[in-house]
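Working through the structure, step by step
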Amino acid sequence: MVKKTTQAKVAFITGASAGIGKAAGIALLNAGWHVVFAARRREVLEQVVSQCDQARALAVVMDVGDRESVKHAFARTQETFGRLDLLFNNAGRGAPAMPFEDLPYETWLEVINTNLNGMFLCAQEAFRRFKNQTPQGGRIINNGSISAQTPRPMSVAYTTTKHGVTGLTKSIALDGRAYNICGCQIDIGNAATEMTQRMSSGALQPDGSTLPEARMDVSHVAQTILHIANLPLDTNMLSTTIMANEMPFVGRG
Ligand SMILES: NC(=O)c1ccc[n+]([C@@H]2O[C@H](COP(=O)([O-])OP(=O)(O)OC[C@H]3O[C@@H](n4cnc5c(N)ncnc54)[C@H](OP(=O)(O)O)[C@@H]3O)[C@@H](O)[C@H]2O)c1
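These lines cover the structure that appears in this document, whether it is placed above or below.

Criteria and thresholds
Residues numbered from 1 in each chain as written. Predicted model: local features only at pLDDT ≥ 70, side-chain atom pairs only at ≥ 80, totals over all residues. Helix = DSSP H or I, 4+ residues; strand = E, 2+ residues; numbered from the N terminus. Buried ≥ 20, exposed ≤ 12 C-beta atoms within 10 Å, placed from the backbone. Pairing = 2+ DSSP bridges. Right-handed = clockwise from strand over helix to strand, strands pointing away.

With respect to unusual backbone geometry
- T134 connects to P135 through a cis peptide bond whose omega is -5 degrees.
- In this model, N180 sits at a positive phi of 65 degrees, which is unusual for a non-glycine residue.
- Examined against the element boundaries, N180 turns out to sit in the loop between α5 (156-176) and β6 (181-189).
- The partly exposed category is assigned to N180, around which 15 C-beta atoms lie within 10 Å.
- Its identity is not glycine, yet N190 carries a phi of approximately 60 degrees, on the positive side.
- Along the chain, the position of N190 falls in the loop between β6 and α6 (197-201).

What follows is the structure, given as structure tokens:
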């Protein structure tokens, strides 16, 4: 089905079948955006989109770590909506906490492939479209983490990729300037999603104890994404941290 638009803005969200991506997609739709919901699980995605305005929402099955799958998803977006204004580069995963020396190399590679290769592949597809479309430009919001700033214990793969995301963000912000492209990053701490479910029962602390941690409602993250998305392209929110206020992070605990 062709849903071409020349007026409303178009957002592409990775990891949009659940959690932060889904909440951000619905917030953007409710604010008038056209939204592409991309993730691997077709049935879950279709369920999300079935509850949305069908003329402005599109479900695309895509694995961010698979180059052909990413190309296909961006091509579908172009065919359907005719342009792109925002990429929320959100899909990501962790790895089970384990001693540094025991992390299997296969797990390391899987986390790198999703969190870093996947973000690069999607950013490059979006960047090329932003550069070549009229009017030129667009915005990429990369989902970092407070782990882009400081690690949790036993999280080398996740922490390394999220620090890498900061380099990706700064490169997009710098190389994108010439083409009206903004590169931004949101660093989130403990939004209540599937990924952080274990935090409320107990998370490993640097002193070896396991303590429950505060979480915040995911809608606050979604509203922050909406705010950044609606900024004009001469304005960049390069880096934003949003976190559960009582979680251990500031003040070494
Ligand atoms: N929640 C937090 O407090 C928090 C804190 C810091 C950072 N973050 C970051 O926020 C992002 C989303 O986290 P979340 O809490 O919303 O997690 P979540 O509830 O587990 O959702 C993860 C989403 O990513 C998708 N996904 C995973 N691997 C994918 C792949 N290879 N290709 C395409 N989609 C993939 C999943 O969908 P499918 O399974 O259908 O593919 C799902 O929609 C991640 O990058 C995470 O690191 C979250």
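Notes on the pairing of strand β5 (residues 138-143)
- For β5, the buried fraction is high: six of the six residues fall into the buried class.
- Covered by surrounding structure in β5 are G138, I140 and N142 together with R139, I141 and N143, the residues of both alternating faces.
- In this structure, strand β4 (residues 86-89) lies alongside β5, joined through four bridges in parallel fashion. Looking at β5, one finds that L87 is bridged to I140.
- A crossover connection joins β4 to the parallel β5 through helix α4 (residues 105-132); in handedness this β-α-β unit is right-handed.
- Summarising the sheet, β5 and β6 pair through six bridges and their orientation is parallel.

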